[in-house]
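Listed here are the chains, written in short residue letters.
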Amino acid sequence: MANTKTVVPFTGTAEQEQRLQKVIEEHKGQKGALMPVLQGAQEIYGYLPIEVQKMISLGLDIPLEEIYGVATFYSQFTLNPKGQYKISVCLGTACYVKGSGDIFQRLQEKLGIQSGMCTPDGKFSLDACRCVGACGLAPVLMVNDEVYGRLTVDDVDTILAKYQ
């Protein structure tokens, strides 16, 4: 859900903007400059909010619509920030059959966000994935790099409590 509207306010710093302007200047006038500039911007900010897209548009003299089109086409880019705790729920076949869809739904309800979004406080982001390679532990979710397996819907509150 690359184009889901974020509820987290943009908090870019002057230092980040200076770094972005340097990346833009390094690529300005080059054929194919947009991709490396978008990659650099995402590395600097962690995502590509509209404020950053506008800076790139002005700096490269490329229409904002084109920048948005590229940013939403490629899965490597995200328009929403990631939380301090990145929750990824496996919705692959083995996990889904064993109830990961219900677990994902409970997380959406508890966090008050949809897939691809971040909580307003920046603490949690939620994504679905297709496989984490732990089918024997199905259903599985990950919080950052920590894997939780053999879950039930009732485990959601306990897991979230660890990160409060």
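From a predicted model like this one, the values you see are computed outputs, not experimental measurements.

Looking now at the pairing of strand β1 (residues 85–90). By the criterion of burial, β1 is predominantly enclosed, with 5 of the 6 residues buried. Across 6 bridges, the pairing between β1 and strand β3 (residues 124–129) is parallel. Residue pairing for β3: V89 is matched across the bridge by A128. Note that β1 and strand β4 (residues 141–143) share 3 bridges and pair antiparallel. Of the residues in β4, the one forming a bridge with S88 is M142.

With that settled, consider the packing of aromatic side chains. Counted by the stated rule, this structure contains 4 aromatic pairs. Judged by centre distance (4.8 Å) and plane angle (55°), the ring pair of Y85 and Y163 falls under tilted. In this pair, Y85 is assigned in strand β1 and Y163 in the segment after α7 (155–161), connecting sequence segments 78 residues apart. One exposure class covers both Y85 and Y163, and it is buried. A connected cluster of aromatic rings, assembled from ring pairs, spans Y85, F124 and Y163.

Attention now goes to the sheet that holds β1. Taken together, the 5 strands give an open sheet; going across it, the order is β2-β3-β1-β4-β5, and neighbouring strands pair in mixed fashion. Strands with a single pairing partner mark the edges of an open sheet, and in this sheet they are β2 (117–118) and β5 (146–148). Judged from the 2 bridges that link them, β2 and β3 form a sheet pairing that is antiparallel. Looking at the pairing, C118 lines up with S125 of β3.

Quick notes on the rules
- Along each chain, numbering runs from 1 in the same order as the chain's sequence is written.
- Where totals are concerned, whole chains, interfaces and linings use all residues; where local detail is concerned, this predicted model gives features only for residues with pLDDT of at least 70, and gives and counts side-chain atom pairs only at 80 or more.
- Only hydrogens and water are removed before side-chain values are computed, so all heavy atoms of the structure are retained for them.
- Accessibility here uses a 1.4 Å probe with only protein chains present; expressed as a share of the type maximum, an area under 20% marks a residue as buried, one over 50% as exposed, and anything in between as partly exposed.
- Going along the chain from the N terminus, every DSSP run of H or I of four or more residues is numbered as a helix, and every run of E of two or more is numbered as a strand.
- The pairing criterion for strands is at least two bridges between them, as found by DSSP.
- Any two rings among Phe, Tyr and Trp, with Trp reduced to its six-membered ring, count as a pair given centres within 6.5 Å; such a pair is stacked if its planes are under 30 degrees apart, edge-to-face if over 60, and tilted if neither.

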